[in-house]
Protein chains: 2
Amino acid sequence: MAVKKTRKDQADQTKGTRLNRSQRGKQIALIRKRQITTAAYEIIAEKGYYNFTMMDIAKRAGVSSGLIHHYFKDKENMLVTLLREMQQSVRINTEKAIEDVSGPKEKLEVFMDSAFALVETQREYIHVTYDFLTQIKFNERMQRIMSKLYRGYRQTMVEILRDGKAKGVFKDVDEHYTASLFVSIMLGIELQYVIDNTAFFYRDYTYKIKAYIFDLVVKK
Amino acid sequence: MAVKKTRKDQADQTKGTRLNRSQRGKQIALIRKRQITTAAYEIIAEKGYYNFTMMDIAKRAGVSSGLIHHYFKDKENMLVTLLREMQQSVRINTEKAIEDVSGPKEKLEVFMDSAFALVETQREYIHVTYDFLTQIKFNERMQRIMSKLYRGYRQTMVEILRDGKAKGVFKDVDEHYTASLFVSIMLGIELQYVIDNTAFFYRDYTYKIKAYIFDLVVKK
């Protein structure tokens, strides 16, 4: 799960460095906030965005609801933090996967693979993202964070394409259009497949789409 | 707006034919139900799926909440009817647009145009559709109706492609894959643009996408 961290992981974050009292206070606040947003993510994934209470989250996080209010001004504040964390987490995973390989072609392949894999490895994440989608019309902060998510995808692909063009490996394609096209395909195929996993053979289709993008972009 | 009908239009449906008492009763029930779901659509578009009451709908429709319960067993029942109506309405519009032209190339073009136009002409419809999307995980009926919507899009395009191949105008493309690819692009570009209308030049990009699909499908 994208945003899930065990409490042990979180505790480990404070080890290994000597901190003064104020630094340690900030560190603990970060950990507590993360603990609460992790619980919120789990609860929303189980019950849906519109069917949970702050008490559900307090219980799951093993804290008092007073403590939640100590760290988050209100429910919206907590949800905005959760949405940001979810996106950072997915972003970091993608960036890390790309860094691990060298060469524009390899990076493009890993980027596409990790985008298409979301629907199989992060189903909960996708549902929770759709839940947040219903907020964009009414909540400008949520709208901005959501638009940052898709802009992030486009931007990552633009950078890969730019790098490949500079290195003479990719054709002179319109980077922004090609990135937007791929992100469109990825989001749209994900949407159809999440709603109906008998719609098509997901792996076959994504394989064909990858081949098409490669054909479009890579110099022969 | 897709599902909106004026009361005059609705009243017109009963004119022109002589009906017996039972037929006329059914007709009135249909009109009342449509009146209520139209009000529901407007209210949801304004307030969001999770922020309305049955009383809001009764007030907007100008009926008592008792009458709503007379026609719909419960809230879910009314929402399912609304979702079905929304989809039929969009489907009928698309089918009608395609029927109005002859020739597979013209039909393909009209189909793509009407799909891409949704984001500009039916913004409310798209938001309400996203609202329903949050239900698919928890409500099997909603999941089935939603999957029917996207299957409908794919199916319409499959038929156009099949017809064009039979008439020797289109290449021997994989119909189902090509339809799924186009629907993916359409849904994904719509999603990015609804969230952030500064993401790209929507008309330029959809124009390029149409040219690409034509290139993929039409024999030179």
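Further up the page is the structure itself.
Everything numeric in this text was worked out from a predicted model, so none of it was measured.

What counts and what doesn't
Residues numbered from 1 in each chain as written. Chains lettered and ligands numbered in written order. Predicted model: local features only at pLDDT ≥ 70, side-chain atom pairs only at ≥ 80, totals over all residues. Heavy atoms only, no water. Helix = DSSP H or I, 4+ residues; strand = E, 2+ residues; numbered from the N terminus. Buried < 20%, exposed > 50% of the residue type's maximum accessible area, 1.4 Å probe, protein only. Contact = heavy atoms within 4.5 Å. Areas by Shrake-Rupley, 256 points an atom, 1.4 Å probe, with all protein chains shown as cover. Lys, Arg positive; Asp, Glu negative; His and termini not counted. Charge placed at Lys NZ, Arg CZ, Asp CG, Glu CD. Least-squares fit on C-alpha atoms with pLDDT ≥ 70 in both. Buried area = accessible area lost by both parts, 1.4 Å probe. Salt bridge = Lys/Arg side-chain N within 4 Å of Asp/Glu carboxyl O. Polar contact = N/O pair within 3.5 Å; in protein donor to acceptor, adjacent residues only side chain to side chain. Phe/Tyr/Trp six-rings, centres within 6.5 Å; stacked < 30°, edge-to-face > 60°. Lys NZ or Arg CZ within 6 Å of the ring centre and 35° of its normal. 1 Å grid on protein atoms, 1.4 Å probe; cavity = no way out; pocket = protein on both sides within 12 Å on 5 of 7 lines; lining within 4 Å. Points joined across faces, edges and corners; volume = space filled by probe spheres on them. Nonpolar A, V, L, I, M, F, W, Y, C, P; charged D, E, K, R; others polar.

Colleague: What exactly am I supposed to notice about the overall build of chain A here?
Modeller: Along the backbone of chain A there are 10 helices and zero strands. Its helices and strands in sequence order give chain A the pattern α-α-α-α-α-α-α-α-α-α, from N to C terminus. Going through the 220 residues of chain A one by one, you find that 52% of them count as buried. For chain A, the proportion of contacts with a sequence separation of at least 24, taken over those separated by at least 6, is 69%. Only carbon and sulfur atoms are counted for the fraction: they give 49% of the accessible area of chain A, which is about 10800 Å². With 38 positive and 27 negative side-chain charges, chain A shows a separation of 7 Å between the mean positions of the two kinds.

Colleague: How should I be thinking about the relation of the copies chain A and chain B in this particular structure?
Modeller: Here two copies of a chain appear, and what relates them is a rotation about an axis with a shift along it. Superposing chain A onto chain B requires a rotation of 180 degrees together with a translation of 0.0 Å along the rotation axis, leaving an RMSD of 0.0 Å. Seen this way, the second copy is the image of the first under a two-fold rotation axis. Comparing interface residues between copies, 100% of those in chain A also lie at the interface in chain B; the contact surface is shared.

Colleague: Just to check I follow, could you spell out the interface of chain A and chain B for this structure?
Modeller: It is common to give the size of an interface as the accessible area lost on bringing the parts into contact. Listed by partner, the interface residues are 42 residues for chain A and 42 residues for chain B. Surface buried jointly by chain A and chain B totals about 3800 Å² across both partners, of which 66% is contributed by carbon and sulfur atoms. The three residues of chain A that bury the most area against chain B are Tyr-177, Gln-192 and Ile-195 of chain A, which together make up 18% of that side's buried surface. The tally of links from chain A across to chain B stands at six salt bridges. Lys-137 of chain B is paired through a salt bridge with Glu-124 of chain A; the nearest N and O atoms lie 2.9 Å apart. The interface formed by chain A and chain B includes 18 residue pairs in polar contact (both at pLDDT 80 or more). For the side of chain A that touches chain B, the elements supplying multiple residues, two or more each, are helix H2 (21–47), helix H7 (123–133), helix H8 (140–166), helix H9 (175–195) and helix H10 (202–217) of chain A. At 14 residues, H9 of chain A tops the list of elements feeding residues into the side of chain A that touches chain B.

Colleague: What is the right way to look at the packing of aromatic side chains in this model?
Modeller: Here the distance between the centres and the angle between the planes together describe a pair of aromatic rings. Counted according to the given criterion, the structure contains 20 aromatic pairs over all chains. Ring plane angle 55 degrees and centroid distance 4.7 Å describe the contact between Tyr-49 of chain B and Tyr-50 of chain B, whose orientation is recorded as tilted. Residue class for Tyr-49 of chain B comes out buried when judged on its relative accessible area of 7%. With 4.5 Å between their ring centres and 25 degrees between their planes, Tyr-193 of chain B and Tyr-202 of chain B make a pair best called stacked. The exposure class assigned to Tyr-193 of chain B is buried, which follows from its relative accessible area of 12%. Feature note: the residues Phe-111, Phe-116, Phe-182, Tyr-193, Phe-200, Tyr-202 and Tyr-205 of chain A together with Tyr-177 of chain B constitute an aromatic cluster, connected by ring pairs. Positioned over the ring face of Tyr-177 of chain B is Lys-208 of chain A, at 4.3 Å from the centre of the ring.

Colleague: Sorry, what's going on with the environment of Ile-68 of chain B here?
Modeller: All names here are of chain B. Along the polypeptide, Ile-68 turns up in helix H4 (residues 65–71). Judged by its relative accessible area of 1%, Ile-68 falls in the buried class. The spacing of Ile-68 and Val-194 is 126 residues in sequence and 33 Å in space, taken between C-alpha atoms. The contacts of Ile-68, once residues within four sequence positions are left out, are Ile-36, Met-54, Ile-57, Ala-58 and Val-63.

Colleague: Explain the layout of surface pockets to me, please; I cannot follow it from the model alone.
Modeller: To find the voids left in a structure, one rolls a probe of water-molecule size over its atoms. Residues and elements named next belong to chain B. If you add up the space inside the largest pocket, you get close to 390 Å³. In terms of lining, the largest pocket is formed by 18 residues, of which the most central are Gln-87, Gln-88, Arg-91, Lys-148 and Leu-149. Elements supplying a minimum of two residues to the lining of the largest pocket: helix H5 (75–99) and helix H8 (140–166). Top element by residues in the lining of the largest pocket is H8. It accounts for 10 residues. Taken together, the residues that form the lining of the largest pocket break down as five nonpolar, six polar and seven charged. Roughly 290 Å³ of volume is contained in the second largest pocket.

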